[in-house]
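The lines below spell out each chain.
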Amino acid sequence: TIRVESFQKAGKSLTLDMVIFRSSARFQFLLFLIPVLFQTNNVAFASLREPHWQVRSEEKESQLFLKVYVLAGQSNMEGHGEVATMNTTTQTPLNGTLLYQVLHPRTSDEFSILWNTSGWSSWPNIQVWFNEAGGEDGVNGSNIPGVNNVDYSAGDLTVGFGSGGPAKNHNNLFGPELGFGVGLNMSSDENVLIIKTAWGGKNLAVDFRPPSSTVNDDPYCQLPDCDPYQVGHFYKVMLHDVRQILANLDVIFPQFSNLIPIMSGFGWHQGWNDGCDLNQTAAYEQNLVNLIQDLRREWNSAFLPISIAVSGFGGFQPEQRQPPDCFDDDSDKLQCDCGAIDHGCRRLNIIESQYRAANMTRHHKRIKCCVVVTETRGFWREAKYSPSNQNFHWNHNAESHFLIGKALAEGIKMATAQSPFDATMAMNLQNE
């Protein structure tokens with residue numbers, strides 16, 4: 001390594017290094033941009049656009065950095081997994097609740113980590129921020145730093161961060177954040193912040209429409225239902241919330257005030273609303289590609305790990321597109337027929353689009369790498385094994401919600417391992 005620059009942050013003396021790699025076949029001298037710590041509202045944020053960087057300190061790297069993950073989507077990211085709803089007659093937990101999974105022999109091994117002698121487990125080193133609290137859902141941007149459990153919900157990773165937040169759902173709902181936090185498998189001295197921005201009934205075509213989708217004409221986005229040149233309101237709200245949270249870490253999460261936040265990944269679980277419209281389904285792949293590119297640009301991380309959990313409610317269904325090539329690139333993508341089970345093949349084509357968005361061999365080479373799509377259709381549980389029959393909310397099944405979160409975490413870990421500019425990997429080089 002070649003020492004480049006020293007600086008002070010939060011009373012800690014750090015040294016940035018450039019790294020020269022040597023392959024087994026030849027020396028490869030890779031010149032990287034010097035990493036930048038830039039100030040945004042008095043908060044230092046580590047830019048990982050291109051550089052490979054290291055930190056030398058007497059303290060462990062895990063005690064210097066805060067890994068920040070953003071989870072986003074619509075109602076299934078809000079979370080409708082039921083925790084402990086009881087059968088009013090037998091006073092036993094309903095099939096498909098989290099408590100049922102903890103107790104049932106089929107699932108107890110996997111779910112026992114969520115329960116301890118004093119109740120539901122919590123992880124103080126993994127903090128959660130969610131835009132909903134009671135009657136407040138932050139549709140125009142949350143009041144930050146504001147008041148916890150009034151303007152938003154924040155606290156240790158545990159149950160309750162589902163729809164409405166713990167103040168409204170009385171700790172009886174959760175979303176993918178729970179399985180995600182557990183699935184990251186962090187050691188107790190690693191610090192993590194999960195920022196969840198989600199609102200029910202929102203689509204990618206309009207509500208989360210990224211800036212790159214507004215540049216060119218879009219035949220699938222036409223007024224009055226869709227303005228092709230308008231950045232989505234909830235895309236902007238998501239960015240606003242993330243910026244404000246990081247700018248007010250010392251108020252919202254004082255235990256993290258001396259840490260350097262690093263944007264470490266983005267998780268996406270969404271698709272129901274776009275799948276209600278043939279045009280929005282046809283546009284989904286390109287809109288998702290643009291979302292990935294724009295968030296990486298916004299957060300100064302060209303190789304930001306991205307994890308997409310497919311919109312798999314309903315489980316696996318026969319793929320019966322007619323004609324078979326109706327969703328090919330040279331088709332108009334609007335003439336597919338999958339029969340009565342999936343009119344217009346909308347559900348199937350949303351999932352296909354999510355997979356295609358991560359395929360760099362298509363027309364998405366600017367994505368470069370580090371996008372992983374994880375399958376969720378195998379997590380579907382029928383209503384008779386669930387607390388509810390709301391199929392578009394995974395029947396409120398806790399096992400489904402928890403496994404979706406773990407799948408998102410697995411995708412993040414896989415995407416991080418692919419990244420040639422992973423900060424953690426760079427730090428670990430110091431010890432090799």
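Since the model is a prediction, treat every value here as computed from it, not as a measurement.

Colleague: So what exactly am I meant to see when it comes to the environment of E382 here?
Modeller: Counting through the fold element by element, E382 comes out in the loop between strand 17 (371–374) and helix 10 (398–418). It is 8.8 Å that separates the C-alpha atoms of E382 and N397, two residues lying 15 residues apart in sequence.

Colleague: Sorry, what's going on with the pattern of salt bridges here?
Modeller: Side-chain pairing between opposite charges can occur once the charged atoms of the two side chains come close. Under the counting rule described, the total for this entry stands at 12 salt bridges. When the shortest N-O distance is used, the salt bridge between E298 and R243 registers 3.1 Å. Of this pair, E298 sits in helix 8 (residues 278–298) while R243 sits in helix 6 (residues 233–247); the two residues are 55 residues apart in sequence, bridging distant segments of the chain. The partly exposed category is assigned to E298, whose relative accessible area is 32%. A relative accessible area of 38% places R243 in the partly exposed class. The closest approach of N and O atoms between R381 and E399, which form a salt bridge, is 3.1 Å. Here R381, found in the loop between strand 17 and helix 10, pairs with E399, found in helix 10; they are 18 residues apart in sequence, far enough to count as distant. Bridged by salt links that share partners, the residues R106, R381 and E399 form one connected network.

Colleague: How do you make sense of the pairing of strand 7 (residues 65–73) when you look at a structure like this?
Modeller: Two faces belong to every sheet, and in a regular strand the side chains alternate between them. Judged by how many residues are buried, strand 7 sits mostly within the fold: 9 of 9 residues are covered. Taking every second residue as pointing to the same face, both faces of strand 7 are buried, with F65, K67, Y69, L71 and G73 on one and L66, V68, V70 and A72 on the other. Bridge count between strand 7 and strand 15 (residues 260–269): 9 bridges; the pairing is parallel. Its bridge partner lying in strand 15, V70 is registered against F266. Taken together, the 8 bridges between strand 7 and strand 14 (residues 191–198) define a ladder with parallel strand orientation. Each bridged residue has a counterpart across the sheet, and for L66 the counterpart in strand 14 is N191.

Colleague: Would you take a moment to explain the confidence of the model for the chain for this structure?
Modeller: Caution applies to low-pLDDT regions: their predicted coordinates should not be interpreted in detail. Averaged over all residues, the pLDDT of the chain equals 85, while 82% of them reach at least 70. Between residues 1–58, whose pLDDT stays under 50, and residues either more than four places distant or in other chains, the model counts 150 contacts. Throughout residues 422–432 the model reports pLDDT below 50, and contacts reaching past four residues in sequence, or to other chains, amount to 24 contacts.

About the thresholds
- Residues numbered from 1 in each chain as written.
- Predicted model: local features only at pLDDT ≥ 70, side-chain atom pairs only at ≥ 80, totals over all residues.
- Heavy atoms only, no water.
- Helix = DSSP H or I, 4+ residues; strand = E, 2+ residues; numbered from the N terminus.
- Salt bridge = Lys/Arg side-chain N within 4 Å of Asp/Glu carboxyl O.
- Buried < 20%, exposed > 50% of the residue type's maximum accessible area, 1.4 Å probe, protein only.
- Pairing = 2+ DSSP bridges.
- pLDDT = per-residue confidence, 0-100.
- Contact = heavy atoms within 4.5 Å.

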